[in-house]
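Secondary and tertiary structure notes
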Amino acid sequence: MDKLLHLRVLSAIVGIPVAILAAWHGGWVLWLLTFVIFIFASLEITAILKGLGLQPAGWMIQIGGLITFACAYLYNDEIIGPVVVFLVIANLLMLAFLYPSTTPVDMFGNLGAVLYLSNLVFLCLTRELTTGFIWLILLLTTTWASDTFAYFVGRAFGRHKLAPVLSPKKTVEGAAGGLLSSALVSYIFVQFVPSLPLLPVLLLGVLIGIASLLGDLVESALKRQAGIKDSGHIIPGHGGVLDRFDSLLFTAPVVYYSVKLFII
């Protein structure tokens, strides 16, 4: 086992039980942990934006996240639309108030960062659904399986580059392995929780696999444009918080809205 893989395994041994315990407890524990993750991710996205030549305001990103989390905690998804409108207007006003130190590109970078990272709230909102613990565990395990199998299948059997310019190490074989694993984990999950509908959960597993891959590619694009390899170094073997949670930023809203609108 090489050193990087060894560190990945150790991080998983520590991180997975913490995530499952927080998911089981729910409530303020899960919200607080998720917001802490947001704060670390905001520091990393600020560094990425600087690498892109922007002058981001990290404090605006963090305040925007605080507002989003607070509103989601108090009202679930009922006022997400008004919150987004408020964030857009607030950032536009900052463009005027901070002129000329803040440019329109800087402002849109701040706004995009808040909206991107605020997808983390859907981890908490998924827990608030009916039988939310089950859906959150499905979300986590299926996303983890997709990431893990894509990595190992790609290492073992990868021959055809998926996105050679964007992410040279990603392969078609790895992507297929991740997609199949997410569907397989969803099927196994239904066997342990027979009250769940098989076909919708299988389709959800496929969607999770696709969203997981897209989330990974988006973060790869951000890092490559900024000229960095990892978003940070806080998680041994993985890099930064964004490196570990990039897939969940896409799979969490997919699961939340799929379950809420079409399954329960």
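Quick look at the structure, then. A quick note: this is a predicted structure, and the numbers were derived from the prediction, not measured.

A closer look at helix α9 (residues 198–226)
Along its 29 residues, α9 runs 42 Å from first to last C-alpha, staying within 8% of the 42 Å computed at 1.5 Å per residue. Count one or two residues on from α9 and you reach glycine 227, which has phi positive near 75°.

What about the pattern of salt bridges?
Overall, the coordinates contain six salt bridges when judged by the stated rule. Among the salt bridges present, the one from lysine 260 reaches aspartate 77, with a minimum N-O distance of 2.7 Å. Of the two residues, lysine 260 sits in helix α11 (residues 248–263) while aspartate 77 sits in the loop between α3 (58–75) and α4 (80–97), which places them 183 residues apart along the sequence. You can call lysine 260 partly exposed: its relative accessible area is 33%. Since its relative accessible area comes to 16%, aspartate 77 is described here as buried. Note that glutamate 219 is salt-bridged to lysine 223, the shortest N-O span being 3.7 Å. Note that glutamate 219 and lysine 223 are positioned in helix α9 at a spacing of four residues, about one turn of the helix.

Here's the deal with the side chain of threonine 102
Inspection of the secondary structure assignment puts threonine 102 in the loop between α4 and α5 (104–117). Overall, threonine 102 belongs to the buried group, its relative accessible area being 13%. Beyond its immediate sequence surroundings of up to four residues, threonine 102 is in contact with Leu95 and Met107.

Quick look at the packing of α4 against α5
Where α4 meets α5, the closest approach of the two axes is 9 Å, and the angle between their N-to-C directions is 155°. As judged from the angle between their axes, α4 and α5 are roughly antiparallel. The handedness of the crossing between α4 and α5 comes out as right-handed. Contacts from Val84, Leu87, Val88, Asn91, Leu92 and Leu95 in α4 reach Pro104, Met107, Asn110, Leu111, Val114 and Leu115 in α5. Tallied by class, residues from the contact of α4 with α5 come to ten nonpolar, two polar and no charged.

As for the nonpolar core
Counting 55 residues, the largest nonpolar core has Ile45, Leu117, Leu120, Leu123 and Leu242 as its most contacted members. It is helix α2 (residues 27–51) that provides the largest number of residues to this core, a total of nine residues. Those residues in contact with leucine 123 that lie beyond four places of it in its chain are Leu30, Thr34, Leu136, Leu139, Leu140, Leu248 and Ala252.

Quick notes on a nonpolar patch on the surface
A cluster of nonpolar side chains, Trp28, Leu32, Val36, Phe40, Leu43, Tyr73, Leu74, Tyr75 and Ile234, forms an exposed patch at the surface whose accessible area comes to about 930 Å². Elements with a minimum of two residues in the nonpolar patch: α2 and α3. Here the nonpolar patch gets five residues from one element, more than from any other, and that element is α2. Judged by its relative accessible area of 36%, phenylalanine 40 is partly exposed.

What counts as what
- Residues numbered from 1 in each chain as written.
- Predicted model: local features only at pLDDT ≥ 70, side-chain atom pairs only at ≥ 80, totals over all residues.
- Heavy atoms only, no water.
- Helix = DSSP H or I, 4+ residues; strand = E, 2+ residues; numbered from the N terminus.
- Expected span 1.5 Å × (residues − 1).
- Salt bridge = Lys/Arg side-chain N within 4 Å of Asp/Glu carboxyl O.
- Buried < 20%, exposed > 50% of the residue type's maximum accessible area, 1.4 Å probe, protein only.
- Contact = heavy atoms within 4.5 Å.
- Axes fitted to C-alpha atoms, helices over the stretch in contact; angles between N-to-C directions.
- Parallel < 35°, antiparallel > 145°, perpendicular 65-115°, else oblique.
- Left-handed = near helix turned anticlockwise from the far one by under 90°.
- Nonpolar A, V, L, I, M, F, W, Y, C, P; charged D, E, K, R; others polar.
- Core = buried A, V, L, I, M, F, W, Y, C linked by side-chain atoms within 4.5 Å.
- Patch = residues over 30% accessible without salt bridge, like charges linked within 9 Å, V, L, I, M, F, W, Y side chains within 5 Å.
- Areas by Shrake-Rupley, 256 points an atom, 1.4 Å probe, with all protein chains shown as cover.

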